[in-house]
Amino acid sequence: MSCWYKDYDALGGIVISSRIRLARNLSNMPFPRRMDAQMLRTLKERVKVAVDKMQDKVMLKFIEMNDIPENEIKAMVERHVISPDFANSCRDRAIALSNDENISIMIGEEDHIRIQVISAGNSLDKAYEIADMIDVALNESLGFAFDSKLGYLTECPTNIGTGLRASLMLHLPVCESRGEINMISDAASKIGLTVRGMYGEGSKASASFYQISNQITLGISEKNAIENLKVIAQQIVEREKSARADIDKLNLMDTVFRSLGALKYARIMSSDEFTKHISMIKLGVDEGIIENNNIKPVELLISAQPYMLMKNHIAITPLERDEARATMIRGLL
Amino acid sequence: MLCQKCGQNMATTHIKTVIGGKVTEQNLCGYCAAKKGYTGFADGSISGLLSSMLGQVMKSDNGVFEQACSCCGSTFADIAETGKVGCAECYKTFETELLPYLKRIHGSINHTGKTPGSTELVVTEFIDKVSHLKRKLANLVAEEKYEEAAKIRDEIKELEGDK
Ligand SMILES: [Zn+2]
Ligand SMILES: [Zn+2]
């Protein structure tokens, strides 16, 4: 399978990607904050054995985070392979990763284990199915900490119960331009959902890409939490759709093609300016205004992130990076 | 980053104050932030909110803070300061203190989702059912309803025999 942001057929729509994360802990050792170096080694060894044991179901590569260069770790955050929190404290920690990077198991994040599955488009059920399968397989070897009344026990009480965080990444340029995001966010929070920026907690929403996820994990089943999220996301999608239908077509075309022009010809492209334009390009492609099939907005969005750029271009100063971004984009358009 | 007040805990709350055009910034742990009256919404995160909620309990009731978790050594003060629990066992050790907060965060304290494997659940149900029946038996005997009590006693015997 290709990695989620290159799964082009599934990416054309308001729901860009689906993500499932399960928080799990081993029952006989303290949570990561209270672990010493020896415990961390033991944890990694045990998880490695468990991961090797399920190779017939899913192939994951075990990687020591110390072996990954600092810039690549930040690029992994930009590709959503690891969480920003894990990137900040991943020394001596490890990750088990599928070839396409859609499946990752962070070891020693806030919890002993964080199973993450991402897939393109509106596909939470598919992602959950994979995460669930991995969870069952790992539990056979590791025996996760579980209480019949409180469910899966986690370091942060906000994750206790199912340990499930299901998220959908939505592209809401028109709702955003109408100033409706706060209202959507308030309504979502009343029913136990949160709306955040593209890179999760504390990140600013970059150019109308938003993540909506469940907040409640105790007293609600995995299935119901996912269904709730899907229902509300669908309502938001409908709102964005009808808002799009209301826009004056000529104005919309003008905005979209101006953004395309900027990306095609600019010589210096800052991250902020880029995300604004790429959001318009995505809107243009989805609304049939841009008919060039070679333009892949989501892949561009990810590949033009600062550390992703630095991987392929030796750009040291911010200006050099902005130049490299403009060059890369021109090359692709 | 460590808390700028106590220098001991992780700073979880960032506080920006503007007085007479002068901006001062402080990074505090949940406990110190709660002591200064910041309720944890400052960083917009639930864990910030939790540690300040727990911090407020600390101020009013110092009794629980002597006890340490036998598995990881956490005291309830540790949990309150960070908003994070030390180990799985802590949920038992500090059950009385934690349950009200779980209820406030999730609106429930009863897990209704997945159970790992099926063996554990079967065992739990078995124990629960037997202890429930034993309580019922005791009541029936007290009420001198011997016929019904005999039925329950047989049921218990059967369940225990199945072990
Ligand atoms: Zn402090
Ligand atoms: Zn403990």
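Refer to the structure above for everything that follows.
Keep in mind it's a predicted model, so treat the numbers as computed, not measured.

Novice: Before we go on, may I ask you to explain the pairing of strand S5 (residues 113-120) of chain A in this structure?
Specialist: Look at any regular strand and the pattern is simple: side chains alternate between the two faces of the sheet. All names here are of chain A. Where burial is concerned, most of S5 is hidden: 8 out of the 8 residues are buried. Residues Ile-113, Ile-115, Val-117 and Ser-119 point to one face of S5 and Arg-114, Gln-116, Ile-118 and Ala-120 to the other, with burial holding for every one of them. Note: strand S4 (residues 103-107) against S5, 5 bridges, orientation antiparallel. If you follow Ser-104 over to S5, its bridge partner there is Gln-116. Hairpin geometry of S4 and S5 is characterised by an intervening segment of 5 residues between the two adjacent antiparallel strands and by a positive phi of about 80° at Gly-108.

Novice: Is there a simple way to explain the coordination of the zinc ion (ligand 2) in this structure?
Specialist: Residues and elements named next belong to chain B. Taken together, Cys-69 (SG), Cys-72 (SG), Cys-87 (SG) and Cys-90 (SG) make up the full set of protein donors to the zinc ion (ligand 2), lying 2.3 to 2.4 Å away. The site at the zinc ion (ligand 2) holds 4 donor atoms, and with the angles between them running 99 to 120°, its shape is tetrahedral. Written as a sequence motif, the donor residues of the zinc ion (ligand 2) are C-x2-C-x14-C-x2-C. Within this pair, whereas Cys-69 is found in the loop between helix H2 (46-60) and helix H3 (76-82), its partner Cys-87 is found in the loop between H3 and helix H4 (90-93), the two being separated by 18 residues in sequence. Owing to a relative accessible area of 3%, Cys-69 belongs among the buried residues under this scheme.

Novice: Is there a simple way to explain the interface of chain B and chain A in this structure?
Specialist: The extent of an interface is frequently quoted as the accessible surface area lost upon association of the parts. With 33 residues of chain B in contact, the opposing surface of chain A contributes 39 residues. At the boundary of chain B with chain A, total buried surface from both sides reaches about 2,900 Å², with 61% on carbon and sulfur atoms. Three residues stand out in chain B for area buried against chain A, namely B:His106, B:His111 and B:Lys114, and they jointly supply 25% of the buried area on that side. The interface formed by chain B and chain A holds 4 salt bridges in total. The partner of A:Glu110 in a salt bridge is B:Lys84, with the nearest N and O atoms 2.5 Å apart. Scanning the region where chain B abuts chain A turns up 17 residue pairs in polar contact (both at pLDDT 80 or more). At the level of elements, H2, H3, helix H5 (95-106) and helix H6 (119-142) of chain B are the ones that each hand at least two residues to the side of chain B that touches chain A. By residue number, the principal contributor to the side of chain B that touches chain A is H5(B), which donates 4 residues. Split by residue class, the side of chain B that touches chain A holds 13 nonpolar, 16 polar and 4 charged.

Novice: It is not clear to me how empty space enclosed by the protein should be interpreted in this structure. Could you clarify?
Specialist: Any space left empty among the atoms is revealed by the rolling of a water-sized probe across them. Residue and element names in this part refer to chain A. Across all of its chains, the model carries 1 cavity of 30 Å³ or more by this definition. In terms of lining, the largest cavity is formed by Trp-4, Ser-17, Arg-19, His-80, Ile-118, Ser-167, Met-169, Met-198 and Gln-211. Looking at the lining of the largest cavity, the elements that each hand over two or more residues are strand S1 (15-24) and strand S8 (164-171).

Novice: I keep staring at the sheet that holds S1(A) and nothing clicks. Help me out?
Specialist: The strands making up a sheet associate through hydrogen bonds between their backbones, and the pairing can be parallel or antiparallel. Residue and element names in this part refer to chain A. The 8 strands are arranged S2-S3-S4-S5-S1-S8-S10-S9 in an open sheet whose pairing can be described as antiparallel. Pairing within the sheet leaves two strands with one partner each, and these edge strands are strand S2 (61-64) and strand S9 (193-197). Strand after strand, the sheet turns through a mean of 20° between neighbouring axes, direction not considered. Bridge count between S1 and S5: 8 bridges; the pairing is antiparallel. Residue pairing in the sheet places Ser-17 in a bridge with Ala-120 of S5.

Novice: Please explain the nonpolar core as it appears in this structure.
Specialist: Soluble, globular proteins show a tendency: their nonpolar side chains are buried together. Residue and element names in this part refer to chain A. If you look at the biggest cluster of nonpolar residues, it comprises 56 residues, and the most contacted ones within it are Ile-20, Ile-105, Leu-138 and Ile-212. The element that contributes the greatest number of residues to this core is helix H5 (residues 124-142), accounting for 8 residues. Discounting residues that sit within four places of it in the chain, Ile-212 has contacts with Ala-166, Ser-167, Leu-168, Leu-170, Ala-188, Leu-193, Thr-194, Val-195, Leu-229, Ile-232 and Ile-236.

Novice: Got a minute to help me understand the state of the cysteines in this structure?
Specialist: Here the structure, examined in full by the defined rule, presents 0 disulfides over all chains. We note that A:Cys156 lacks a disulfide partner, and the nearest cysteine sulfur, in B:Cys90, lies 13 Å from it. Given a relative accessible area of 2%, A:Cys156 falls into the buried group.

Novice: What am I meant to see in the packing of helix H9 (residues 249-265) of chain A against helix H10 (residues 271-286) of chain A here?
Specialist: In a pair of packed helices, the angle between the axes and the distance between the axes together describe the arrangement. Residue and element names in this part refer to chain A. Packing of H9 against H10 leaves a shortest axis separation of 9 Å and a crossing angle of 130°. The angle between H9 and H10 places the two elements in the oblique class. Pair H9 / H10 crosses with left-handed handedness. Judged by residue contacts, Leu-252, Thr-255, Val-256, Ser-259, Leu-260, Ala-262 and Leu-263 of H9 engage Phe-274, His-277, Ile-278, Met-280, Ile-281, Leu-283 and Gly-284 from H10. Residues of the contact of H9 with H10, tallied by class, amount to 10 nonpolar, 4 polar and no charged.

Novice: How should I be thinking about the packing of aromatic side chains in this particular structure?
Specialist: Aromatic ring pairs: the centre-centre distance and the angle between the two ring planes describe each pair. All names here are of chain A. The final tally for this structure, using the stated rule, is 3 aromatic pairs over all chains. Judged by centre distance (5.0 Å) and plane angle (70°), the rings of Phe-146 and Tyr-152 are edge-to-face. Seen from the ring of Tyr-152, Arg-24 lies directly overhead, with NZ or CZ sitting 3.4 Å from the centre.

Novice: In this structure, what is going on with H5(A)? I would like to understand it.
Specialist: Think of an α-helix as turning once every 3.6 residues; residues three or four places apart then point the same way. With 19 residues, H5(A) should reach 27 Å at 1.5 Å per residue; the first-to-last C-alpha distance of 26 Å fits that figure. If you check which residues of H5(A) are buried, you get A:Leu124, A:Ala127, A:Tyr128, A:Ala131, A:Ile134, A:Asp135, A:Ala137, A:Leu138, A:Asn139 and A:Leu142.

Novice: Honestly, the pattern of salt bridges in this entry has me stumped. Any pointers?
Specialist: Pairing between side chains of opposite charge can happen when the charged atoms of each approach one another. Residues and elements named next belong to chain A. All chains considered together, the criterion is met by 22 salt bridges over all chains. Across the pair Glu-240 and Arg-244 runs a salt bridge whose closest N-O atoms are separated by 2.7 Å. With Glu-240 and Arg-244 both in helix H8 (residues 222-246) and 4 residues apart, the pair spans about one turn of that helix. Side by side, Glu-240 and Arg-244 carry an identical accessibility label, which is buried.

Parameters and conventions
Residues numbered from 1 in each chain as written. Chains lettered and ligands numbered in written order. Predicted model: local features only at pLDDT ≥ 70, side-chain atom pairs only at ≥ 80, totals over all residues. Heavy atoms only, no water. Buried < 20%, exposed > 50% of the residue type's maximum accessible area, 1.4 Å probe, protein only. Helix = DSSP H or I, 4+ residues; strand = E, 2+ residues; numbered from the N terminus. Pairing = 2+ DSSP bridges. Donors = N, O, S within 2.8 Å, 3.2 Å for Na, K, Ca; no water. Tetrahedral: all angles 85-135°; square planar, octahedral: opposite > 155°, others 65-115°. Contact = heavy atoms within 4.5 Å. Buried area = accessible area lost by both parts, 1.4 Å probe. Salt bridge = Lys/Arg side-chain N within 4 Å of Asp/Glu carboxyl O. Polar contact = N/O pair within 3.5 Å; in protein donor to acceptor, adjacent residues only side chain to side chain. Nonpolar A, V, L, I, M, F, W, Y, C, P; charged D, E, K, R; others polar. 1 Å grid on protein atoms, 1.4 Å probe; cavity = no way out; pocket = protein on both sides within 12 Å on 5 of 7 lines; lining within 4 Å. Points joined across faces, edges and corners; volume = space filled by probe spheres on them. Axes fitted to C-alpha atoms, helices over the stretch in contact; angles between N-to-C directions. Core = buried A, V, L, I, M, F, W, Y, C linked by side-chain atoms within 4.5 Å. Disulfide = S-S within 2.5 Å. Parallel < 35°, antiparallel > 145°, perpendicular 65-115°, else oblique. Left-handed = near helix turned anticlockwise from the far one by under 90°. Phe/Tyr/Trp six-rings, centres within 6.5 Å; stacked < 30°, edge-to-face > 60°. Lys NZ or Arg CZ within 6 Å of the ring centre and 35° of its normal. Expected span 1.5 Å × (residues − 1).

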